[in-house]
Amino acid sequence: MAAVLDIRLKKVNKVYRQGDMVSGVVVIQSRGELSHQGVVLTMEGSTNLQLSAKSVGVFEAFYNSLKPIQILHCTLELAKPGKFPSGDTEIPFEFPLRPKTNKTLYETYHGVFVNIQYVLRCEMKRPLLAKDLLKTCEFIVEYRDDDDSTAAAAAAQQQQQGAPLSFTITPESLRNVGERERAAIPGFAVRGRLDSTTCRVTRPLTGELVVERSEAPIKSIELQLVRVETCGCAEGYAKDATEIQNIQIGEGDVCRGVAVPIHMVFPRLFTCPTLSTNNFKVEFEVNLVIIFQDDRLVTENFPVKLTRF
Amino acid sequence: MSAPRTTPTSNKHRENGGDIAYSWSIRERDYEAEKANHALPSEEVFDYPLKPICVSHGKIKSSGSERASTTSSSGASTPKRAAATSAFLDPLTSVLEGMDPLSQMAELDPLSQMAIEAAAGRKSSTSLGSKKANTLDDSFEPWKSKKGAILAKYTTSEKLTFTSFDLSPAEKAILKGPTSVTEKVKNRLEQLDDFEEGSVKEQLQLSQQEYVHRIDELNQSLLAAWEQDQKVKSLKIAIQCAKLLADASVIQFYPSKFVLVTDVLDTFGRLVYERIVDKACHVAPGAATRPPAELSPEHVPESAKETCRNWFFKIASIRELTPRLYVETAILRCHGFLRADAHSDALARLAATARGVGDPLVALYARAYLCRVGMRVAPTQRAYVAACLRDILDTYRQVGGDAVQNALALQKVDMAAYLQLFSPGLDWVLQCIAHGASEGTLEEVLAQARARCNTALLLNSVMTAFRPAYVAARARHFIEHICDCEDSGFPKHLLFRTLGLCLVVADPPEAQVSVGADFERQLSFCVEARAAFSNLEPVLVHLVHTVNLLAIDTRRVVKGHHTRKTAAFVHACAAYSFITIPSITNVFLRLNLYLVSGQVALLNHCLSQADSFLKAAISLLPDAPCSIEIDGKLRSTEPLLLEYVGNLCSTLLAAPDPPAQPPLYLARGLLNALATRGAGDTARADAYTHALALLSAAAQPAFAYCADGVVANDRLYGNDPKYVGEVARLAGTVLNELMQHVHDAAPSPDRQGALALHLVEVGVTHGDLGDPRFAALLGNLWTLAAKQGHADRMLMERTAQHVKARAARGAPVAAELLRKLA
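The present account deals with the structure reproduced in this document. On a predicted model such as this, the values are computed, not experimentally measured, just so you know.

Calculation rules
Residues numbered from 1 in each chain as written. Chains lettered and ligands numbered in written order. Predicted model: local features only at pLDDT ≥ 70, side-chain atom pairs only at ≥ 80, totals over all residues. Helix = DSSP H or I, 4+ residues; strand = E, 2+ residues; numbered from the N terminus. Buried ≥ 20, exposed ≤ 12 C-beta atoms within 10 Å, placed from the backbone. Contact = placed C-beta atoms within 7 Å. Nonpolar A, V, L, I, M, F, W, Y, C, P; charged D, E, K, R; others polar. Expected span 1.5 Å × (residues − 1). Arc of directions from axis to C-beta. Axes fitted to C-alpha atoms, helices over the stretch in contact; angles between N-to-C directions. Parallel < 35°, antiparallel > 145°, perpendicular 65-115°, else oblique. Pairing = 2+ DSSP bridges. Core = buried A, V, L, I, M, F, W, Y, C linked by C-beta atoms within 7 Å.

## Focus: the overall build of chain B
Then, in step 1: For chain B, the helix and strand inventory stands at 39 helices and four strands.
Then, in step 2: Buried residues in chain B amount to 39% of all 822 residues.
Then, in step 3: Of the contacts made within chain B by residues no fewer than 6 positions apart, 74% connect residues no fewer than 24 positions apart.

In structure tokens form, the structure reads like this:
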């Protein structure tokens, strides 16, 4: 007598904003009568921080995992102990989406060292000898257009950063190169701009670049999206950068003097609005990488600020 | 002993024919009376008699189209058609209905028409946005019709590298069944990464055929994966295919590779699109199934949109540029689910993205694919096509860059061959621009091309892609362009070929009525062309014909009455031909051209020129080889030569003798020319019979025909007995020569019989059967032919019948001959 428990959200894309009603039904499918000790539905949201082994050592990393910070917690008793009839039973539910006091609803984010996750957990207690039934369902939280604190707070700053950013890359513009090495680099000049370094996560990063000249043939031009997670600000922090996407925008020895578009869609789930809290930070950078035929490469780094709106 | 030996006969016209053994007795003919006599009774009608009477106008059209479509199926007709039309269908009737057969061919039989309508209906009903504007009319040549030619043209015998990927780990991963959405997505992306980065299984060296087979296999596995709901695997296959296009090694195969690979991508695009349509129409929870017609973005349910977005996100994360560009283009149509006006943005963006592709060939074909999908999905959009062309012009210099030059050197492909690889793609882009574009747009493109990138390659594609009528109307401009543009290795003769193809389809502007600049410029173009292609025999032949046509057109314009100026022009035409013909090496081509040009000159009253042409033709005759090689086999030229002599004789009749030359000067020349051909030439005897016919016709008081406005020998000599006598004497000489041939043919009875019979035929047609001596000669020949036994019995029978019928009508026929024929 297999019974199945399922959570079905009303919204197909499972995306909710603060103040929304998270509504749906819990479905109990059973062949034959099903007795239980009560059905409870919990809505939870938490931030999990993990210290990188690279920064603090394996031992500490294992033990010093910071305690999850709960930012949302509600419980609903869907059914008192009793019996469900044979067939499908649908129990509707709805939760208003509000954070615990003094907490902020951050956007859902799955990183390597930082995880912000929201789930619905439905639990059915069963009588002795029968296994309890459990079903979880993740839902996604996004900012409303007025609670993207970073964007709202820095409106003026954003105005400034919203302006296009021009850049020119030449052997002379390179840092971390010794003078002798610099002289050995074949001459090149790449000019370009990013339309803005403040980007909405739902919109692509745009801009263009022109290879004005290059003595050595070019093999590839790539955009690398890097995520920088920083944990534990109070007692010394750990900072880790991971590549989350690499997109080629120039292939082969691209035509000189022709504007090649810079265009990168931010991958869902791996990006979120740039986040800065007391305990952790999630930031993003874009590297423009020019690879020459001889596999020499030149990288230009652009910190970008991501916003929801 | 078989040659008939009769006593020498006297000839009534002869004055001094003592040296002649036989004489040709010419029958005087009244051509007008003969014509009236032979004419069939006729009556005036108002309807075309062969038109099926019971069929209405509309029916005829449809039956015509049916016919067009069933030509290959051995004319099996449907009962309906049998009832609608009479048993005999004259193919010309449809033409009389004012529809040319070609436009009828374009129509389809009812069944395929229905199928197409159904398909179009489905498409337009599921397409988003305005329906009417979203279809291309028939004047746009579809990609389908180009594929075959590309595959046939761009082939290679080199080994091709086919990078194969291990697709199996993906399946395992799927079976593991990740739980949360996030994990699933992560998992899928990892699979994609896997596939992109490391899991290259093998690099195969394949022949072209194996390669084609591999791509076909990929197509099959794409469909299979899709069937099994393995969407990620399907995407992987699409990416793998698109990756093949980033590889421009074995470059001469690239256009064909493009054809093959984009077929797979089209399949992928269609599957994704249909899947979302399916979702949008049937998965809307609770709601009744929505008819696909209402699928504008606001009607697409969120779940379908989400699926759609997922595809776009996945594709946007493809690492490499070329595959990403191709795969996104493949599913371009899906943008319509999200936003009604999304196509134009996407098209513009993708067009710009192609600028990042360094290899000019790869970039061009990526753009061609974009235009191909774009034309299908959003046929009203053109801005992106213009952008594509602009980018092509801007990046054309890449062709001369080190990367390309090194690759070409490595692959041992020369520049001309390399540039021709661009043509199918460039043709397509330009076709998209040209389709339905105004004259102004086309001018603009042309001007842009000239100003920014004046290359032969581009000009060639312009001529291919633009409407032939457009090109033809500016034929002269295009010639100037062709002369001006830099070829950079692209052979210019191809340009002239393309221009020629346009002119075949559409005529250049009609020349004005006054013989002015147009005619003269055409002639001077021919002069230039002759200089440019002096070593191309077919071109020279064509030029001579062109100039002859020019002269004939001039004649038509002035209605046969030349002014001083037009006369000078046709003289110039004749001079052109006369100078051009000798540089052709093929004797038969030269013979024919001399004859045709002579005829043209004659029609244009250029008598001395006509004379020169005919003289040249006659003096060339001895040089005509006895056998030529056709398809590697040695064949006798006898039939060719005979036909030619017949044609020449017919022309000589209309050509008056030049002043200060003895009568029948050209005919004499012909006889001499024939005599100089080797004795072993079997054609000679038969050619003599043609000459006999000519001489017989030349002795008539009024000739059967003449060139309009040209006084022929009949009126020139006014049937002067001296002239007639001269003709008869000549005929006698020919006859004697022929009799000698008959005599000499004795060792070969077949030949002798045939020759004798032939002579009888000509004699019966042209000779005076009332002359007893002549009749006796024919009678002897007849007996000889009958005796040899191998002559054509049927022919003999009919000849005998003819003579008897003539006798019965009261024509004088010697009784002796009639007895022999009986």
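Read on, since the account is not over.
## A closer look at the overall build of chain A
Then, in step 1: Check the secondary structure of chain A and you find five helices and 21 strands.
Then, in step 2: Classification of the 309 residues of chain A by burial places 28% in the buried group.
Then, in step 3: Within chain A, counting contacts between residues at least 6 apart in sequence, those at least 24 apart form 69% of the total.

## A short note on the interface of chain A and chain B
Then, in step 1: With 26 residues of chain A at the contact, the number on the chain B side is 29 residues.
Then, in step 2: Ranked by residues supplied to the side of chain A that touches chain B, first place goes to strand β17 (residues 238–251) of chain A with seven residues.
Then, in step 3: In the side of chain A that touches chain B, the residues fall into 14 nonpolar, eight polar and four charged.

## Some words on the environment of B:L206
Residue and element names in this part refer to chain B.
Then, in step 1: With respect to the helices and strands, the residue L206 is situated in strand β2 (residues 200–206).
Then, in step 2: Judged by local crowding, L206 falls into the partly exposed class, with 15 C-beta atoms found within 10 Å.
Then, in step 3: Between the C-alpha atom of L206 and that of S157, which follows or precedes it by 49 residues, the distance is 10.0 Å.
Then, in step 4: Those residues in contact with L206 that sit more than four places away from it in its chain are K159, L160, F162, Y211 and R214.

## Concerning helix α28 (residues 564–580) of chain B
Residues and elements named next belong to chain B.
Then, in step 1: Taking 1.5 Å of rise per residue, the 17 residues of α28 would be expected to cover 24 Å, and the 24 Å separating its terminal C-alpha atoms lies within 8% of that figure.
Then, in step 2: When we look at burial in α28, the residues that qualify are F569, V570, C573, A574, Y576, S577 and T580. Down the axis of α28, the sector holding all buried residues measures 155°, keeping them to one side. Opposite the packed face of α28, turned more than 90 degrees from it, sit the exposed residues R564, A568 and I579.

## A word on the environment of B:L421
Residues and elements named next belong to chain B.
Then, in step 1: One can find L421 in helix α20 (residues 415–434).
Then, in step 2: On the basis of neighbour counts, which here come to 24 C-beta atoms within 10 Å, the residue L421 falls in the buried class.
Then, in step 3: Distance in space between the C-alpha atoms of L421 and L457 is 9.9 Å, their sequence separation being 36 residues.
Then, in step 4: Sequence-distant contacts of L421, that is, excluding residues within four places in its chain, are made with Y154, I251, Q252, Y254, P255 and L361.

## Concerning the packing of helix α27 (residues 537–557) of chain B against helix α29 (residues 587–603) of chain B
Residue and element names in this part refer to chain B.
Then, in step 1: At a minimum axis separation of 10 Å, α27 and α29 run at an interaxial angle of 10°. The pairing of α27 with α29 is recorded here as roughly parallel in orientation. The segment α27 lies against α29, with V541, V544, N548, A551, I552 and R555 engaging L589, L593, V596, S597, V600 and L603.
Then, in step 2: In terms of residue class, the contact of α27 with α29 is built from nine nonpolar, two polar and one charged.

## A closer look at the pairing of strand β10 (residues 114–124) of chain A
Side-chain direction in a regular strand flips from residue to residue, so the side chains alternate between the two faces of the sheet.
Residues and elements named next belong to chain A.
Then, in step 1: Only one face of β10 is buried: it carries V114, I116, Y118, L120, C122 and M124, and the other face, with N115, Q117, V119, R121 and E123, is open.
Then, in step 2: With eleven bridges connecting them, strand β5 (residues 39–49) and β10 associate as antiparallel partners. Residue pairing in the sheet places L41 in a bridge with C122 of β10.
Then, in step 3: Bridge count between strand β9 (residues 109–110) and β10: two bridges; the pairing is antiparallel. Directly across from Y109, in β10, lies its bridge partner I116.
Then, in step 4: If you look at the hairpin formed by β9 and β10, you'll find three residues sitting between the two strands.
Then, in step 5: Here seven bridges tie β10 to strand β11 (residues 133–142), and the two strands are oriented antiparallel to one another. Opposite M124, over in β11, you have L133 as the bridge partner.

## Observations concerning the sheet that holds strand β13 (residues 188–194) of chain A
Residue and element names in this part refer to chain A.
Then, in step 1: Read across the open sheet, the four strands follow the order β12-β13-β15-β18; overall the sheet is antiparallel. The open sheet is flanked by β12 (165–169) and β18 (259–264), the only strands paired with a single partner. Here the average twist between neighbouring strands, direction ignored, is 20°.
Then, in step 2: As defined by bridge partners, β12 adjoins β13 across five bridges and the pair is classed as antiparallel. Among the inter-strand pairings, F167 is bridged to a residue of β13, identified as G192.

## A look at the packing of helix α16 (residues 342–353) of chain B against helix α18 (residues 383–395) of chain B
Two packed helices can be described by the angle between their axes and the distance between those axes.
Residue and element names in this part refer to chain B.
Then, in step 1: At a minimum axis distance of 9 Å, the contact between α16 and α18 shows a crossing angle of 10°. One way to sum up the angle between α16 and α18 is to call them roughly parallel. Contact residues: α16 offers L347, A348 and A351, while α18 offers A383, Y384, A387 and C388.
Then, in step 2: Looking at the contact of α16 with α18 residue by residue, the classes come out as seven nonpolar, no polar and no charged.

## With respect to the nonpolar core
Residues and elements named next belong to chain B.
Then, in step 1: Core analysis: the largest hydrophobic core is formed by 161 residues, its most contacted members being A238, L265, A366, L370 and V429.
Then, in step 2: Among the elements that take part in this core, helix α12 (residues 254–282) stands out by supplying 15 residues, more than any other.
Then, in step 3: For L265, the contacting residues outside a window of four places in its chain are A238, C241, A242, Y326, V327 and A330.
Then, in step 4: In this structure, A624, L666, V734 and L778 belong to the second largest nonpolar core, which totals 92 residues.

## Remarks on unusual backbone geometry
A negative phi angle is the norm for most residues apart from glycine, just as the trans form is the norm for most peptide bonds.
Residues and elements named next belong to chain B.
Then, in step 1: With a phi angle near 65°, H605 is a residue other than glycine that sits in the positive phi range.
Then, in step 2: Its place among the elements puts H605 in the loop between α29 and α30 (607–620).
Then, in step 3: Assessed through the 18 C-beta atoms surrounding it within 10 Å, H605 is described here as partly exposed.

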